[in-house]
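This is what each chain is made of:
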Amino acid sequence: MSQRSLYRNFVKRWDEVTEIPTQTVGPLTPIYKRAVPYFKIAPWRILMPTAFLLAVIGALLLEVTAVQVATLLQQGF
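Residues numbered from 1 in each chain as written. Predicted model: local features only at pLDDT ≥ 70, side-chain atom pairs only at ≥ 80, totals over all residues. Heavy atoms only, no water.

Participant: What's the story with the overall build of the protein chain in this structure? I'm lost.
Facilitator: Looking only at helices and strands, the protein chain features four helices and zero strands. Mapped in sequence order, the helices and strands of the protein chain form the string α-α-α-α. C-alpha atoms of the protein chain, sized along the principal axes, occupy 75 × 35 × 20 Å. A total of 77 residues make up the protein chain; the buried ones form 4% of that total. Total accessible area on the protein chain is roughly 7,600 Å²; 68% of this is exposed by carbon and sulfur atoms. Side-chain charges in the protein chain split into 8 positive and 4 negative, and the spacing between the mean points of these groups amounts to 11 Å. (Helix = DSSP H or I, 4+ residues; strand = E, 2+ residues; numbered from the N terminus. Buried < 20%, exposed > 50% of the residue type's maximum accessible area, 1.4 Å probe, protein only. Areas by Shrake-Rupley, 256 points an atom, 1.4 Å probe, with all protein chains shown as cover. Lys, Arg positive; Asp, Glu negative; His and termini not counted. Charge placed at Lys NZ, Arg CZ, Asp CG, Glu CD.)

Participant: Mind showing me how you'd approach unusual backbone geometry here?
Facilitator: A negative phi angle characterises most non-glycine residues, just as the trans form characterises most peptide bonds. Unusually for a residue other than glycine, Glu 63 sits at a positive phi of about 55°. Positionally, Glu 63 belongs in the loop between helix 3 (44–62) and helix 4 (66–75).

Participant: Where do I start with the UniProt feature "transmembrane region" (unreviewed entry) in the protein chain in this structure?
Facilitator: Residues given the UniProt feature "transmembrane region" (unreviewed entry) here are residues 46–73. Secondary structure across residues 46–73 comprises 89% helix and 0% strand; the distance between its end C-alpha atoms is 25 Å. (UniProt positions renumbered as here; feature names shortened; annotations may be inferred.)

Participant: Is there a simple way to explain the pattern of salt bridges in this structure?
Facilitator: Counting across every chain of the model gives one salt bridge. A salt bridge links Arg 13 to Glu 16, with the shortest nitrogen-to-oxygen separation between them at 3.3 Å. In this pair, Arg 13 and Glu 16 both sit in helix 1 (residues 3–18), three residues apart, roughly one turn of the helix. The class for Arg 13 is exposed, based on a relative accessible area of 51%. (Salt bridge = Lys/Arg side-chain N within 4 Å of Asp/Glu carboxyl O.)

Participant: Sorry if this is basic, but what is going on with helix 3 here?
Facilitator: Side chains that are three or four residues apart share a direction in an α-helix, a result of its 3.6 residues per turn. When the terminal C-alpha atoms of helix 3 are compared, their 26 Å separation across 19 residues agrees well with the 27 Å that a helix rising 1.5 Å per residue should span. Note on helix 3: the residue one or two positions beyond its end, Glu 63, has a positive phi of about 55°. (Expected span 1.5 Å × (residues − 1).)

Participant: Explanation requested: a nonpolar patch on the surface in the structure shown.
Facilitator: A cluster of nonpolar residues, Phe 52, Leu 53, Val 56, Ile 57, Leu 60, Leu 61, Leu 62, Val 64, Val 69 and Leu 73, forms a patch on the protein surface that exposes about 1,000 Å² of accessible area. Taken together, the elements giving at least two residues each to the nonpolar patch come down to helix 3 and helix 4. Of the residues forming the nonpolar patch, the biggest block, seven residues, is contributed by helix 3. Mapped onto the elements, Val 64 comes out in the loop between helix 3 and helix 4. By relative accessible area, Val 64 is classed as partly exposed at 32%. (Patch = residues over 30% accessible without salt bridge, like charges linked within 9 Å, V, L, I, M, F, W, Y side chains within 5 Å.)

Below you can see the structure in the form of structure tokens.
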């Protein structure tokens, strides 16, 4: 077996092994494909407001104050 044919066989096998099928998320695939670029470029633009909203919603639903959260965190240390 020559070096060229060995290399061609290697490259052929490499392409077979490393080929990854397109990922899908079922019916949510179009939404996923539109949202992912924003997370790749600047995730903090989405994550920080989302975290803030979740914190406010959690505080309103659970009626937890900032003092109670600070006390809980201080008990952990």
